[in-house]
Amino acid sequence: MTYDDPTRAEDRLRRELDPPESVVDRVVRRALDSGAPEPRRRPFAWAFATVAVLLLVVWIATVRIDPEPSQVTTAGSTAVPTITNASGLPKIVWPAQTQETRGSENRPTQVVKLSNPDGLLMLDVPQRGLVVLGGDS
Amino acid sequence: MDVDSTVADLAPQLLRYCVAAAGSLAIGEEVAQEALTALVGHWRRNGPPDSPRAFVYTVARRQARRTRWRRRLFLPLEAARNGRPTTGDSERAVDDKRRLARALEMLRRLSARDREAILLAMDPDLGSEQAAGVLGISHSAFKMRVHRARHRLASEMEKADDLR
């Protein structure tokens, strides 16, 4: 067989390459199924997430980071230090409120001068005056 | 024009191109499906492309090339592991069909450039300018390549017929 017109060879090749109908149908069906749109996400998911993150940031900024130290030892406070005797050494245990305060001037080791004359414990607390604890009376 | 009818219209000719480009029905089917899936996804996300036909041919050409490289890379490993190359039952069953095997053999005798050109030219709905765009060459270069490819194909077919 001769192919004086080269397009005849091309036509023959095209016919021989024609895919079966079943394969065509399968490809179309799978392509349309797999290319289906994804289910819609919750429309306000991003808004919820953003608000949650902002609330977290605000909470951290206002609650956890307190730039002004608390004045626990101001007048009227009941935060009187108590003393226990652990291992033979005087130990100062501050009430929870005092222990949680921030600021270096409220730390016991820096604000309290401890002395023990005549069996009495005297605490010199700044802005509060002299506190005497212990003794027989 | 909706996506379903467009895919159904494109599928037969795209599948023919993919089978010929990949060299087997099974792999060609896979490549064609990937290209059509890409079209459907693009259509539903961004609307229809300027030319859906050129879009799928571009994707299919790229996928077919990747598939060929992958096969070249892994075929020796599979052959070493299994004793012979694995081709798959469905592929073997179809490749046994004489007409497809013969057509694929004819295409193998052409150079890769001629083969791609004539495969794209086989789609009457794909304009030659679009086909040139798919191949990334000028319009005139595409026409010249198709012209040469047709003559070589005819020559190879005559030789094959004479040998029968």
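In this text, all values refer to a predicted model and were calculated from it rather than measured experimentally.

Rules of the game
- Residues numbered from 1 in each chain as written.
- Chains lettered and ligands numbered in written order.
- Predicted model: local features only at pLDDT ≥ 70, side-chain atom pairs only at ≥ 80, totals over all residues.
- Heavy atoms only, no water.
- Helix = DSSP H or I, 4+ residues; strand = E, 2+ residues; numbered from the N terminus.
- Buried < 20%, exposed > 50% of the residue type's maximum accessible area, 1.4 Å probe, protein only.
- Contact = heavy atoms within 4.5 Å.
- Areas by Shrake-Rupley, 256 points an atom, 1.4 Å probe, with all protein chains shown as cover.
- Buried area = accessible area lost by both parts, 1.4 Å probe.
- Salt bridge = Lys/Arg side-chain N within 4 Å of Asp/Glu carboxyl O.
- Polar contact = N/O pair within 3.5 Å; in protein donor to acceptor, adjacent residues only side chain to side chain.
- Nonpolar A, V, L, I, M, F, W, Y, C, P; charged D, E, K, R; others polar.
- Core = buried A, V, L, I, M, F, W, Y, C linked by side-chain atoms within 4.5 Å.
- Phe/Tyr/Trp six-rings, centres within 6.5 Å; stacked < 30°, edge-to-face > 60°.
- Axes fitted to C-alpha atoms, helices over the stretch in contact; angles between N-to-C directions.
- Parallel < 35°, antiparallel > 145°, perpendicular 65-115°, else oblique.
- Left-handed = near helix turned anticlockwise from the far one by under 90°.
- Patch = residues over 30% accessible without salt bridge, like charges linked within 9 Å, V, L, I, M, F, W, Y side chains within 5 Å.
- pLDDT = per-residue confidence, 0-100.

A. Examining the overall build of chain B more closely. Looking only at helices and strands, chain B features eight helices and zero strands. In sequence order, chain B lays out its α and β elements as α-α-α-α-α-α-α-α. Counting across all 164 residues of chain B, residues that qualify as buried make up 47%. For chain B, contacts bridging at least 24 residues in sequence account for 65% of all contacts bridging at least 6. For chain B, the computed accessible surface area is about 8400 Å², with 51% contributed by carbon and sulfur atoms.

B. How the structure looks around the interface of chain A and chain B. Contacts between the two partners involve 27 residues from chain A, matched on the other side by 37 residues from chain B. Of the roughly 2900 Å² buried between chain A and chain B, counting both surfaces, carbon and sulfur atoms make up 66%. For the salt bridge of glutamate 10 of chain A with arginine 150 of chain B, the shortest nitrogen-to-oxygen distance reads 2.2 Å. At the surface where chain A touches chain B, the tally comes to six residue pairs in polar contact (both at pLDDT 80 or more). Those elements that place two or more of their residues in the side of chain A that touches chain B are helix H1 (6-17) and helix H2 (21-34) of chain A. Take the side of chain A that touches chain B: its biggest share by element is 10 residues, from H1 of chain A. Of the residues that constitute the side of chain A that touches chain B, the class distribution is 15 nonpolar, four polar and eight charged.

C. Structural context of the nonpolar core. Leu13 and Leu17 of chain A together with Leu14, Leu36, Leu120 and Phe142 of chain B are the most contacted members of the largest nonpolar core, which totals 60 residues. Examining the composition of this core, we find that 12 residues originate from one element, helix H1 (residues 3-22) of chain B, more than from any other. Those residues in contact with phenylalanine 142 of chain B that lie beyond four places of it in its chain are Ala117, Leu120, Ala121, Ser128, Ala131, Ala132, Leu135 and Ile137 of chain B.

D. Examining the packing of aromatic side chains more closely. Residue and element names in this part refer to chain B. Within the structure shown, the criterion is met by one aromatic pair over all chains. Where tyrosine 17 meets tyrosine 57, the ring centres are 5.2 Å apart and the plane angle is 85 degrees; that geometry is what we call edge-to-face. Taken together, the positions of tyrosine 17 in helix H1 and tyrosine 57 in helix H3 (residues 52-82) put the pair 40 residues apart, joining distant regions of the chain. Each of the two residues, tyrosine 17 as well as tyrosine 57, counts as buried.

E. Spotlight on the packing of H1 of chain A against helix H5 (residues 98-109) of chain B. The contact between H1 of chain A and H5 of chain B brings their axes to 8 Å, and the two run at 130 degrees. Classed by the angle they form, the pair H1 of chain A and H5 of chain B counts as oblique. The hand of the H1 of chain A/H5 of chain B crossing is left-handed. Only Arg99, Leu100, Arg102, Ala103, Leu104, Met106 and Leu107 of chain B of H5 of chain B make contact with H1 of chain A, whose side of the interface consists of Arg12, Leu13, Arg15, Glu16 and Leu17 of chain A. For the contact of H1 of chain A with H5 of chain B, a count of residues per class yields seven nonpolar, no polar and five charged.

F. Quick look at the pattern of salt bridges. For the coordinates displayed, the defined rule picks out 17 salt bridges over all chains. Close ionic contact of arginine 30 of chain A with glutamate 29 of chain B constitutes a salt bridge, the shortest N to O distance being 3.8 Å. Taken together, the residues arginine 30 of chain A in helix H2 and glutamate 29 of chain B in helix H2 (residues 25-46) connect one chain to another. We classify arginine 30 of chain A as partly exposed; its relative accessible area is 39%. Among the residues examined, glutamate 29 of chain B registers a relative accessible area of 10% and is labelled buried. Between aspartate 114 of chain B and arginine 152 of chain B there is a salt bridge, with the nearest N and O atoms lying 2.3 Å from each other. Highlighted residues: aspartate 114 of chain B in helix H6 (residues 112-121) and arginine 152 of chain B in helix H8 (residues 139-163), separated in sequence by 38 residues.

G. Representation of the environment of proline 52 of chain B within the structure. Residue and element names in this part refer to chain B. Among the secondary structure elements, proline 52 is positioned in helix H3. Spatially, the C-alpha atom of proline 52 lies 8.9 Å from that of valine 7, the residues being 45 residues apart in sequence. Beyond its immediate sequence surroundings of up to four residues, proline 52 is in contact with Thr6, Leu10, Leu39 and Trp43.

H. Main features of the environment of leucine 32 of chain A. Relative to the helices and strands, leucine 32 of chain A is located in helix H2. With relative accessibility at 16%, the residue leucine 32 of chain A sits in the buried group. For leucine 32 of chain A, the residues in contact, after removing those within four places along its chain, are Val3, Asp4, Val7, Val40 and Arg44 of chain B.

I. Quick look at a nonpolar patch on the surface. Taken together, the side chains of Leu56, Trp59, Ile60 and Val63 of chain A define a hydrophobic patch exposed on the protein surface, amounting to about 370 Å² of accessible area. Among the structural elements, leucine 56 of chain A can be located in helix H3 (residues 45-64).

J. Up close: the confidence of the model for chain A. Residues and elements named next belong to chain A. For chain A, the average pLDDT comes to 65, and 37% of its residues sit at 70 or higher. When pLDDT is averaged over each helix and strand of chain A, the minimum, 42, is found for helix H5 (residues 108-111) and the maximum, 87, for H3. Low pLDDT, under 50, characterises residues 69-78; the predicted model gives this stretch 21 contacts beyond four residues in sequence or across chains. Note that pLDDT drops below 50 for residues 95-113; the model gives that stretch 36 contacts with residues more than four away or on any other chain.

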